[in-house]
There are 2 protein chains.
Amino acid sequence: MVTIYEVARRSGVSTATVSRVMRDGRGFSAATRDRVLATVGELGWVPNGSARGLVSKRVGIVGLLFPDLAKSGDAEEDSPLYVDQVIRGAERAATAAGDAVLIAATLRSSGRQLAYSLASKVDGLVVLASSLADEDLASIARSVPVVLLAGGAAGHNLDSVGADNRAGTRELTSHLIQAHGHRDLAFLSGPADAPDSVERFEGYRDALVAAGLPSPPAPDAGGGFTETGGERAMKALLARRESPPQAVVFANDQMAIGSMKVIRSAGLRVPADMAVTGFDDISLSRHLRPALTTVSQPMRELGEQAVRLLLDRIDHPRRQPRSVVLPTEIVIRRSCGCRRLAGATRQARGAT
Amino acid sequence: MVTIYEVARRSGVSTATVSRVMRDGRGFSAATRDRVLATVGELGWVPNGSARGLVSKRVGIVGLLFPDLAKSGDAEEDSPLYVDQVIRGAERAATAAGDAVLIAATLRSSGRQLAYSLASKVDGLVVLASSLADEDLASIARSVPVVLLAGGAAGHNLDSVGADNRAGTRELTSHLIQAHGHRDLAFLSGPADAPDSVERFEGYRDALVAAGLPSPPAPDAGGGFTETGGERAMKALLARRESPPQAVVFANDQMAIGSMKVIRSAGLRVPADMAVTGFDDISLSRHLRPALTTVSQPMRELGEQAVRLLLDRIDHPRRQPRSVVLPTEIVIRRSCGCRRLAGATRQARGAT
DNA sequence: AGGGTTTGGGTAAGCGGTTACGTGGGCAAC
DNA sequence: GTTGCCCACGTAACCGCTTACCCAAACCCT
């Protein structure tokens, strides 16, 4: 392994000069710079990041922790596209800042271990909701900067970024009520502990209340944030009721998609017999037949913002924690019963 | 920032003992261990990864370099799901081995810089085809272990993993010819420099030749590996010919999907007027109407294998480079004209 | 009882960079 | 001819761990 000493020796300068050439860009002549750079190229020297990180207290890596749904039981194909987009966004923001992103998926069981292992390798951590038990999150946050993504910032005094779930679902549900005249609705939730799902249910309830309909105490059924989760939730819903509701609001797109085949095999048609909506606007939803009416949230931007907040936090450790809420937007397609798509989307800004 | 010295002092032991407790698990009494662990918990100490990496010559991080198609021009939504799956696979294999994955997307322009920046932070690199110019790849590979993913291992003497593109496309094309009796086919390629695309075209040609049809010198048209790429390629194809071909073999799913609307607006129906096939079997393809006949390749496994090869290489620097080819499998759905799905898939093992 | 081995644990030398500080030469200002 | 300053560069301490080596006490055997 070639080191800075070797480079210095071969260039006839000290290691300090080599280091300066590689960094600031001052304190040496052009001739020296060229000589050093030539040696570097010749030797193929790559400065050791650990050594650099050790002295500068900054490794140029941010971590992204997310829950691995696929691993924890459900089918492979159910893996959340949502996370992929967030990863992409995080990568983009980090690269733009000269950093890189370290990713790790937590199982319920291994979360704590993994988080600590990550923490030792990064300058800070972006933690997606439900990747970590609350106590582990709190513990980690004491030793490394953390920003929370998509929920649950409540108890912890941390930076956080999320989408306006509540306003989005409220707008969407209102559309179902006002534009389509539905009065018999149901909400099928994601995992009980997912803050996203909870907020979306609240938006749903807001809309019902605003329309003078009874306020449901809890979601009608629930499941994972996955296709099979949606399948199960829909089965449970149909089994529980004598007649199907006029419209079903799902906590996310994948659940809505998963429910489709259950609906069909129950002899029902979407949207004629039952309107169906999702949340996220994953790319698949647009291609579906009927195309899925849903709420789009800026998944990639979520990842970007989270990393930006984190980098800012790293540079300013004692700044007041901030909370960023990105707007969502309803996307009207066919599955709600709409036929024409003019003026189809509109932004849902909440007052949360 | 709390260090091992602080932990040692508070526990009344030396740093050596703290280190031993955190690592091997020998050379200290149970009482000492408990005392140290208690202090660690109390202080929330996380060992500094840089310091550790500096002495142990191993940071426990592997890098994954991939091309960012979205960034480099085409629309956002065209981003390759394929890569996301590879990332997940890599993450899984790395986590299983106690490592983590650092990801970075290269633009054409910034590739070299980025690769070096990554190289300084990792123990090794998985490089996806077309993330790096050939010369940069060679240069990087001299200073850090590299395994190549999905192509182009030819010139470089590196470990590599890929899917059996050629056999997959051959089987699929043969199906079009034999089962459906098509004799007028077209192939629409991905980026000209993508080894995957080239191999798929070769498989296509193999099948034509095997059926006694003329061997085309080159793809009928091409584009990026994206929806808009498919759109453009299909437009070019239709513009160039008097009548549409009976079947079109695309270099990947996203292109096939992108072409659908062009086909429809040309007044053609899939598969009645034109059969269409893809490659990859992204999750979207199953949900399409008509569902897309395609070749599935184990994207996640590709990522897993690549990381495993890499970790192996890191442990054994002078082992002979290996090349792993994973089998592909044709997935018969509706877009080729098939109506019944019995015995729908079969593995395509090549002799490559 | 004496010598060898094991056990528990301390000392300190690095790992490969960065950077505060020091130094000598050249040059402008007086 | 001094003095003072800037520039280009070297010296060496230090970042926070790991581990080779050393040592004392306890244990075991003949």
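Anything mentioned here points back to the structure above.
Residues numbered from 1 in each chain as written. Chains lettered and ligands numbered in written order. Predicted model: local features only at pLDDT ≥ 70, side-chain atom pairs only at ≥ 80, totals over all residues.

J.: Lay out the overall build of chain A with the relevant residues and their values.
T.: Each helix and strand in chain A was counted, giving 13 helices and 13 strands. When the backbone C-alpha atoms are referred to their principal axes, chain A occupies close to 85 × 40 × 35 Å. Of all 352 residues assigned to chain A, the portion counted as buried reaches 55%. Sequence-distant contacts, at least 24 apart, represent 69% of the contacts inside chain A between residues at least 6 apart. (Helix = DSSP H or I, 4+ residues; strand = E, 2+ residues; numbered from the N terminus. Buried ≥ 20, exposed ≤ 12 C-beta atoms within 10 Å, placed from the backbone. Contact = placed C-beta atoms within 7 Å.)

J.: I'd like a description of unusual backbone geometry, backed by residues and values.
T.: All names here are of chain A. The amide bond that connects valine 270 to the next residue, proline 271, takes the cis arrangement and shows omega of 0°. On the secondary structure map, proline 271 appears in the loop between helix H11 (253-265) and strand S9 (275-277). Although it is not a glycine, serine 130 adopts a positive phi angle of roughly 65°. Tracing the sequence through the fold places serine 130 in the loop between strand S3 (124-128) and helix H7 (134-143).

J.: Which residues make up the protein's contact with DNA strand C, and what values go with them?
T.: As a structural note, the neighbourhood of DNA strand C is formed by 27 residues, with Ile4(A), Ala16(A), Ser19(A), Ala16(B) and Phe28(B) the closest of them. Every element with two or more residues in the surface near DNA strand C is listed here: helix H2 (15-22) and helix H4 (49-56) of chain A together with helix H2 (15-22) and helix H4 (49-56) of chain B. Its residues assigned to classes, the surface near DNA strand C shows 13 nonpolar, eleven polar and three charged. (Near = placed C-beta within 6 Å. Nonpolar A, V, L, I, M, F, W, Y, C, P; charged D, E, K, R; others polar.)

J.: Outline the sheet that holds strand S5 (residues 159-163) of chain A, supporting the account with residue identities and numerical values.
T.: Strands sit in the order S11(A)-S5(A)-S4(A)-S3(A)-S1(A)-S2(A)-S2(B)-S1(B)-S3(B)-S4(B)-S5(B)-S11(B) across an open sheet of twelve strands; the sheet is mixed. At either margin of the open sheet sits one strand with a lone partner, and together these are strand S11 (323-326) of chain A together with strand S11 (323-326) of chain B. Strand-to-strand twist in this sheet, taken as the mean axis angle between neighbours without regard to direction, amounts to 20°. Taken strand by strand, helix H13 (residues 299-315) of chain B contacts strand S1 (61-67), strand S3 (124-128), strand S4 (146-149), strand S5 (159-163) and S11 of chain B, and its axis lies near 170° from that of S5(B). (Pairing = 2+ DSSP bridges. Axes fitted to C-alpha atoms, helices over the stretch in contact; angles between N-to-C directions.)

J.: How would you sum up the nonpolar core? Please name residues and give values.
T.: Ranked by size, the top nonpolar core spans 194 residues in total, and within it Leu102(A), Val126(A), Leu149(A), Leu102(B), Val126(B) and Leu149(B) carry the most contacts. If sequence neighbours within four positions are ignored, Val126(A) has contacts with Val62(A), Gly63(A), Leu64(A), Ala90(A), Val147(A), Leu149(A), Ala306(A), Val307(A) and Leu310(A). (Core = buried A, V, L, I, M, F, W, Y, C linked by C-beta atoms within 7 Å.)

J.: If you had to explain the relation of the copies chain B and chain A to someone new, which residues and values would you point to?
T.: Rotating chain B by 180° about the axis while translating it 0.0 Å along that axis superimposes it on chain A, leaving an RMSD of 0.1 Å. What the superposition gives is, in effect, a two-fold axis relating one chain to the other. With an isologous cut-off of 70% or more, the 100% of interface residues of chain B that recur at the interface of chain A puts this contact in the isologous class. (Least-squares fit on C-alpha atoms with pLDDT ≥ 70 in both.)

J.: Which residues make up the interface of chain B and chain A, and what are the values?
T.: Interfaces are often sized by the accessible area lost when the parts come together. Contacts between the two partners involve 40 residues from chain B, matched on the other side by 40 residues from chain A. Mapped onto the side of chain B that touches chain A, the elements with two or more residues apiece are H4, helix H5 (81-96), strand S2 (100-106), helix H6 (111-119), helix H7 (134-143) and helix H12 (283-287) of chain B. Looking at the side of chain B that touches chain A, the element that brings in the most residues is S2(B), giving six residues. Here the residues of the side of chain B that touches chain A sort into 20 nonpolar, 13 polar and seven charged. In the sheet, strand S2 (residues 100-106) of chain A pairs with S2(B) via three bridges, with the strands oriented antiparallel. Within the sheet, the bridge partner assigned to Val101(A) lies in S2(B) and is Ile103(B).

J.: Account for the packing of H2(B) against helix H3 (residues 30-43) of chain B, naming residues and giving values.
T.: All names here are of chain B. Viewed as axis vectors pointing N to C, H2 and H3 meet at an angle of 90°, and their least axial separation amounts to 10 Å. Between H2 and H3, the crossing angle belongs to the class labelled roughly perpendicular. Residues Thr17, Val18 and Val21 of H2 form the contact with H3, whose participating residues are Thr32, Arg33, Val36 and Leu37. Among the residues making up the contact of H2 with H3, the classes are represented as four nonpolar, two polar and one charged. (Parallel < 35°, antiparallel > 145°, perpendicular 65-115°, else oblique.)

J.: Which residues make up the protein's contact with DNA strand D, and what values do they have?
T.: The local shell around DNA strand D holds 27 residues, among which Ala16(A), Phe28(A), Ile4(B), Ala16(B) and Ser19(B) are the closest. For the surface near DNA strand D, the residue count by class is 13 nonpolar, eleven polar and three charged.

J.: Give a description of the sheet that holds strand S7 (residues 221-222) of chain A that names residues and reports values.
T.: Residues and elements named next belong to chain A. One open sheet holds the four strands; their spatial order is S7-S6-S8-S9, and the pairing between them is parallel. Strand pairing shows two members of the sheet lacking a second neighbour, S7 and S9, which therefore form its edges. As paired elements, strand S6 (residues 185-189) and strand S8 (residues 247-250) share four bridges and run parallel to each other. Bridge pairing in S8 links leucine 185 to alanine 247. Sheet strands in contact with helix H8 (residues 165-178) are S6, S8 and S9, and its direction is about 170° off that of S8.

So, to be careful, I would describe these as geometric facts and stop short of saying anything about function.
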